[in-house]
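The lines below spell out each chain.
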Amino acid sequence: MSLQGDAAVLDGLADDLDIGYGAFVRAHAGAVYSAALRLSRSRSEADDLAQETFVRAYRALRRFDTEQVQSLESRAWLLTITVNLWRNHLRRAARRPQNARAAVPEVADHRLGPEAMAEGGEDSRFLVGLLTELPEHHRVPVVLRHVVGLSYAEIASVLDCPVGTAKANVARALDRLRALAAAAPDGIADTGLVCHPRSACPGKEVR
Amino acid sequence: MTARASHRSNAAATAGAGAAALRRLRVEAPRGFVDAVLDRLGLHEGDHLVTVTSAAGDLFVTFNDSGISSVMPAAVFDGDPEQFATHHRRETGRPIVPGPARPPSGLAAALRSGRATSLRYDLSGLTPFERAVLTKTLEIPSGEVRPYGWVAREIGRPRAVRAVGSALGRNPVPVLIPCHRVVRSDGRIGNYGLGVPMKRTLLSAEGVDIDRLERLADAGVRFLGSDTTRVFCVPSCVHARRIRPAHEVQFRSAASALATGYRPCPHCAPASVRDAS
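Values in this document were obtained by computation on a predicted structure and should not be read as measured data.

Asks: I'd like a rundown of the overall build of chain A, residues and numbers included.
Replies: Within chain A, the regular secondary structure consists of 11 helices and zero strands. If you list the helices and strands of chain A from N to C, you get α-α-α-α-α-α-α-α-α-α-α. Going through the 207 residues of chain A one by one, you find that 50% of them count as buried. Looking at chain A alone, contacts between residues at least 24 apart form 69% of all its contacts between residues at least 6 apart. Summed over its atoms, the accessible surface of chain A is roughly 9700 Å², and 50% of this surface lies on carbon and sulfur atoms.

And the structure:
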């Protein structure tokens, strides 16, 4: 499968959406899926989120004219959809009492199996644990910048904020991550930091 | 707390939260992700159909996002796209769906030149062996032929000559992937999925002198060499066709050519490099 440049992919879309869409999905699947996986907390959640992103994108593209398609900032546009879907998902989950716990992003999900963790060994698993502890307004920019690799201009477009704000939020999120890493108790890091200290572990605390 | 765990977590604390470590959290989308999306959108369930003109008459050509998926002479279906669509669905499980009336880019040029190497093909329903056979066959230049055994040897399965024949018989994109350019090892034209007359038509149209190849086959000649260059070729090789009659040397086997001190032609590769050394 030859790797097509961004412009070629968009030309294909403008040419015929149904035929060109496969190449478009292929070109951005990694970025969207990575963002989805690091925002949500399991592979199945990430799969749903990333698939839904491309389904929504397709429906939107149906209404685009050729010029709109060709001037599309694909990555930023797709990740805007992903981030909005994820936020909506959190909000919906928060309204359902039985799922209230899953809706609080600050609490690490103790049910996460090893397959939901990064493949990159212990440091990566540790870091995934830390990421889930970041509040949403820090987690989104840092994931977009350092996991997906968006430019600050793209992040500003996704978050609908000035570029300076995007930069500041990424920097604050990194500081927060470093602070969390430094403060992590040894025993927690040893288990990949999937769970807070006992007192904060919702499975044990809520009865 | 053990010393080992403590050491590990300290390393993570200093290096773990850096930008480089975050970059490593980037992953590829899981296998099947693109297909799952396209399935949900109903974009995967069909092939598009166009009719194009070729030396073999009008052809029905189907294609999808992955590439060209099948080729059939329209005459087989009395030129009726509906009949063809029924057949296509039975063979591939995919319906013909409305799409661009325009053929995939490069298709017309490929049919004109007989060089279809740069087109994309959807060979997803085939085994890796069948794909290897078809990919190798795609390299045979227009106007030349190679024996089944040549394909088998070139893909590293020298004993699988019959399997090569079966794989070519299941070629979903004949004419474009030129299985008509693969002939019997004794030099005779051999069979063809779309019928032997079609094979002769296609080969004649691209300039193969079938009568001459059959005369050589009758005489037991498999290879031709030049006594000026001391290189030997399969008889249809573009270089063999340039040998003047006065300098032509005929061989009944690659072994005898090699034994006489002739080198195999690098273009048509009449013998493996191993045999030649």
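Past the structure itself, the notes keep going.
Asks: Lay out the nonpolar core in plain terms, naming residues and giving numbers.
Replies: In a soluble, globular protein the nonpolar side chains are often hidden away together inside. In terms of nonpolar packing, the biggest core is built from 71 residues, with Tyr21(A), Phe24(A), Leu61(A), Trp77(A), Leu22(B) and Phe33(B) touching the most fellow members. In terms of residue count, helix H2 (residues 17–39) of chain A provides more of this core than any other element does, 12 residues in total. When near neighbours in sequence (up to four residues on either side) are disregarded, Leu61(A) contacts Leu13(A), Leu17(A), Tyr21(A), Phe24(A), Val69(A), Leu72(A) and Trp77(A). With 39 residues, the next largest nonpolar core counts Ala56(B), Ala152(B), Val164(B) and Cys179(B) among its residues.

Asks: Which residues make up the pairing of strand E3 (residues 67–73) of chain B, and what values do they have?
Replies: Residues and elements named next belong to chain B. A large share of E3 lies buried, amounting to seven of its seven residues. Bridge count for strand E2 (residues 57–64) against E3 is six bridges, and the pairing is antiparallel. Opposite Val 61, over in E3, you have Val 71 as the bridge partner. Counting the residues in the hairpin turn of E2 and E3 gives two residues.

Asks: Break down a positive patch on the surface for me, citing the residues and quoting the values.
Replies: Taken together, the side chains of Arg91(A), Arg92(A), Arg95(A) and Arg96(A) define a basic patch exposed on the protein surface. Relative to the elements of secondary structure, Arg92(A) occurs in helix H5 (residues 74–95).

Asks: Break down the sheet that holds strand E7 (residues 231–233) of chain B for me, with residues and values.
Replies: Residues and elements named next belong to chain B. The strand order E8-E6-E7-E9 describes an open sheet built from four strands, whose pairing is mixed. Each end of this open sheet is capped by a strand with a single partner; those strands are strand E8 (248–251) and strand E9 (263–264). Taken together, the four bridges between strand E6 (residues 223–226) and E8 define a ladder with antiparallel strand orientation. Within E8, the residue paired with Gly 225 across the bridge is Val 249.

Asks: Outline the packing of aromatic side chains, supporting the account with residue identities and numerical values.
Replies: Throughout the structure, instances matching the rule amount to 11 aromatic pairs over all chains. Judged by centre distance (5.9 Å) and plane angle (70°), the ring pair of Phe54(A) and Phe33(B) falls under edge-to-face. Note that Phe54(A) is positioned in helix H3 (residues 43–62) and Phe33(B) in helix H3 (residues 33–40), a pairing that runs across two chains. By the burial criterion, Phe54(A) is buried, and Phe33(B) matches it. Seen in terms of ring centroids, Phe251(B) and Tyr262(B) are 5.0 Å apart; in terms of plane orientation they differ by 65°. Their pairing is edge-to-face. With Phe251(B) in strand E8 and Tyr262(B) in the loop between helix H11 (254–259) and E9, this pair connects stretches of sequence that are 11 residues apart.

Asks: I'd like a description of the packing of helix H7 (residues 136–148) of chain A against helix H8 (residues 152–159) of chain A, backed by residues and values.
Replies: Residues and elements named next belong to chain A. Direction vectors running N to C along H7 and H8 enclose 145°, while the axes themselves pass 10 Å from each other. The chirality of how H7 crosses H8 is right-handed. Here H7 contributes Val 140, Pro 141, Leu 144 and Arg 145 to the contact with H8, which in turn contributes Tyr 152, Ile 155, Val 158 and Leu 159. Considered class by class, the residues forming the contact of H7 with H8 number seven nonpolar, no polar and one charged.

Asks: Can you explain the environment of Val234(B)? Please cite residues and give values.
Replies: Residue and element names in this part refer to chain B. Within the secondary structure layout, Val 234 lies in the loop between E7 and E8. Taking the C-alpha atoms as reference points, Val 234 and Arg 222, 12 residues apart in sequence, are found 6.7 Å from one another. Discounting chain neighbours no more than four positions away, the residues touching Val 234 are Val 145, Arg 146, Arg 222, Phe 223, Ala 240, Cys 268 and Pro 270.

Conventions adopted
Residues numbered from 1 in each chain as written. Chains lettered and ligands numbered in written order. Predicted model: local features only at pLDDT ≥ 70, side-chain atom pairs only at ≥ 80, totals over all residues. Heavy atoms only, no water. Helix = DSSP H or I, 4+ residues; strand = E, 2+ residues; numbered from the N terminus. Buried < 20%, exposed > 50% of the residue type's maximum accessible area, 1.4 Å probe, protein only. Contact = heavy atoms within 4.5 Å. Areas by Shrake-Rupley, 256 points an atom, 1.4 Å probe, with all protein chains shown as cover. Core = buried A, V, L, I, M, F, W, Y, C linked by side-chain atoms within 4.5 Å. Pairing = 2+ DSSP bridges. Patch = residues over 30% accessible without salt bridge, like charges linked within 9 Å, V, L, I, M, F, W, Y side chains within 5 Å. Salt bridge = Lys/Arg side-chain N within 4 Å of Asp/Glu carboxyl O. Lys, Arg positive; Asp, Glu negative; His and termini not counted. Charge placed at Lys NZ, Arg CZ, Asp CG, Glu CD. Phe/Tyr/Trp six-rings, centres within 6.5 Å; stacked < 30°, edge-to-face > 60°. Axes fitted to C-alpha atoms, helices over the stretch in contact; angles between N-to-C directions. Left-handed = near helix turned anticlockwise from the far one by under 90°. Nonpolar A, V, L, I, M, F, W, Y, C, P; charged D, E, K, R; others polar.

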